[in-house]
Amino acid sequence: MPTFNLKLPPPFEDAVKSMEREIMRFLVRSTGDRDDAMDLFQETWLRAYRAYPTLQSEDGLRPWIFRIASNLCRNRARDRMRRGRVISNESADSESESIERRAAHHLNGGPEGALHLKRSIARLPGKQGQALMMRKFAGLEYAEIGTALNCSAESARACVYQALKKLRIEE
């Protein structure tokens, strides 16, 4: 009978410590609003905590957490669209400026280039924008992105490709 070397997931607290920063960055980038991101951050970890005992292996931990966060972002956006509310960006101004400064530093295009990039990513269709952020900002592999977005690794790769293609067209 074959034996499998499955590594059990780390204690929940260790999982939180190892991924909390990248999950928060992903949520801030996905929502564009620090307050929304904080709400979704707490909800992500609450849902993960409740379901953590069912996780069988450490291998699926990272995409599993990203899937929870991604689904919560999608649900939030769908709820907002359904209600037809106008989302105010006033509370996100300081976080937006910080993101823009970091992006500008990397782009060498100044704040205008960073603002353009942020707006362009925000206009991408749901899975494309999320896949791009997971790949380029969080450093996930395509298989992990596929797991997080509930699609194949090939579909995740295609989403990132299409997103990059659309961003290049906008230049």
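Here the structure is shown first, and the text comes after it.
Note that the coordinates shown come from a computational prediction; the quantities given were computed from them, not determined experimentally. (Residues numbered from 1 in each chain as written. Predicted model: local features only at pLDDT ≥ 70, side-chain atom pairs only at ≥ 80, totals over all residues. Heavy atoms only, no water.)

Asks: Can you explain the environment of lysine 118? Please cite residues and give values.
Replies: Along the chain, the position of lysine 118 falls in helix H5 (residues 110-123). The exposure class assigned to lysine 118 is partly exposed, which follows from its relative accessible area of 25%. A sequence separation of 89 residues divides lysine 118 from arginine 29, and the C-alpha atoms of the two residues are 8.5 Å apart. (Helix = DSSP H or I, 4+ residues; strand = E, 2+ residues; numbered from the N terminus. Buried < 20%, exposed > 50% of the residue type's maximum accessible area, 1.4 Å probe, protein only.)

Asks: Got a sec to walk through the nonpolar core? Specific residues and values, please.
Replies: Formed by 41 residues in total, the largest nonpolar core has its most connected members in Ile23, Leu27 and Trp45. Of all the secondary structure elements, the ones that give two or more residues to this core are helix H1 (12-31), helix H2 (34-51), helix H3 (61-83), helix H6 (126-136), helix H7 (142-149) and helix H8 (153-170). It is H1 that provides the largest number of residues to this core, a total of nine residues. Once you skip the residues sitting within four places of it in the chain, leucine 27 turns out to touch Gly32, Ala37, Leu40, Phe41, Thr44, Ala69 and Cys73. (Core = buried A, V, L, I, M, F, W, Y, C linked by side-chain atoms within 4.5 Å. Contact = heavy atoms within 4.5 Å.)

Asks: How would you sum up the side chain of serine 70? Please name residues and give values.
Replies: Here serine 70 is to be found in helix H3. Polar side-chain contacts of serine 70 include one of 3.0 Å to the side chain of glutamine 130. With near-sequence residues (within four places) excluded, serine 70 lies in contact with Phe26, Gln130, Met134, Ala148 and Leu149. (Polar contact = N/O pair within 3.5 Å; in protein donor to acceptor, adjacent residues only side chain to side chain.)

Asks: Lay out the packing of H1 against H2 with the relevant residues and their values.
Replies: Where H1 contacts H2, the two axes come as close as 9 Å, and the packing angle between them is 145°. Handedness of the crossing formed by H1 with H2: right-handed. Only Arg34, Asp36, Ala37, Met38, Leu40, Phe41, Thr44, Trp45, Ala48 and Tyr49 of H2 make contact with H1, whose side of the interface consists of Phe12, Ala15, Val16, Met19, Glu20, Ile23, Met24, Leu27, Val28 and Thr31. (Axes fitted to C-alpha atoms, helices over the stretch in contact; angles between N-to-C directions. Left-handed = near helix turned anticlockwise from the far one by under 90°.)

Asks: I'd love a proper account of the pattern of salt bridges, names of residues and values included.
Replies: Within this structure, the stated rule accounts for five salt bridges. Notably, a salt bridge pairs glutamate 22 with arginine 62, separated by 2.9 Å at the nearest N-O pair. Placement of the pair is glutamate 22 in helix H1 and arginine 62 in helix H3, with a sequence separation of 40 residues. On the basis of relative accessibility, which here comes to 13%, the residue glutamate 22 falls in the buried class. Between arginine 135 and glutamate 141 there is a salt bridge whose closest N-O contact spans 3.7 Å. Classification of glutamate 141 as partly exposed rests on a relative accessible area of 45%. The network of salt bridges with shared partners includes Glu22, Arg62 and Glu144. (Salt bridge = Lys/Arg side-chain N within 4 Å of Asp/Glu carboxyl O.)

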